[in-house]
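# Coordinates in review
Single-letter residue listing:
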Amino acid sequence: MNDVRRSGVLLHLTSLPGRYGIGSMNRDAYEWVDFLESTRQTLWQVLPLGPTGYGDSPYQSFSTFAGNPRYCAWLRICAARSRCAGSASAWQAAMIAMRRRRCVAG
């Protein structure tokens, strides 16, 4: 049994600042994680991130594994896509590079 004491925060992704009124997996989310690390927090508990179901409830999602597209950093994805000029291999390389830089999950 691991008896190490840890602390953290419960904060939904939508509570972070965002360009369109809700937070997403953009730069602000990564700055938040950096802040948690700098304050020695070891846990970030989030509420469900799946597509919402009946009544727009995150607890009645249509999928266990899918993510809600509202939380994607679409501007970053589109910028990477436009730099690739339609080349599938360049697009893949850009997405891999973005993942390595902790920009978006894809």
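Right above here is the structure, for reference.
The sections below set out a description of the structure shown in this document. These numbers were taken from a predicted model, which means no experiment stands behind them. (Residues numbered from 1 in each chain as written. Predicted model: local features only at pLDDT ≥ 70, side-chain atom pairs only at ≥ 80, totals over all residues. Heavy atoms only, no water.)

## What to know about the overall build of the protein chain
Helices and strands together make up the secondary structure of the protein chain, namely 3 helices and 2 strands. Secondary structure of the protein chain in N-to-C order comes out as β-α-β-α-α. Burial statistics for the protein chain: of 106 residues in total, 25% are counted as buried. Taking as baseline every contact in the protein chain between residues at least 6 positions apart, the subset at least 24 positions apart corresponds to 46%. (Helix = DSSP H or I, 4+ residues; strand = E, 2+ residues; numbered from the N terminus. Buried < 20%, exposed > 50% of the residue type's maximum accessible area, 1.4 Å probe, protein only. Contact = heavy atoms within 4.5 Å.)

## Things to note about unusual backbone geometry
Only a minority of non-glycine residues have a phi that is not negative, and only a minority of peptide bonds are not trans. With a phi close to 65 degrees, arginine 40 is a non-glycine residue in the positive phi region. Taking the relative accessible area as the measure of exposure, arginine 40 reaches 73% and is therefore exposed.

## Describing the environment of glycine 50
Relative to the helices and strands, glycine 50 resides in the loop between strand E2 (43–45) and helix H2 (74–84). Glycine 50 sits in the buried class, given a relative accessible area of 12%.

## Points about a nonpolar patch on the surface
A contiguous nonpolar surface patch, about 330 Å² in accessible area, is contributed by Leu10, Leu47 and Tyr59. Its location among the elements puts leucine 10 in strand E1 (residues 8–10). The exposure class of leucine 10 is exposed, given its relative accessible area of 52%. (Patch = residues over 30% accessible without salt bridge, like charges linked within 9 Å, V, L, I, M, F, W, Y side chains within 5 Å. Areas by Shrake-Rupley, 256 points an atom, 1.4 Å probe, with all protein chains shown as cover. Salt bridge = Lys/Arg side-chain N within 4 Å of Asp/Glu carboxyl O.)

## Here we look at the environment of threonine 52
Position of threonine 52 among the secondary structure elements: in the loop between E2 and H2. Linking threonine 52 and phenylalanine 62, residues 10 residues apart in sequence, is a C-alpha distance of 7.1 Å. Ignoring any residue separated from it by four or fewer positions in sequence, one finds threonine 52 in contact with Ser57, Pro58, Gln60, Phe62 and Asn68.

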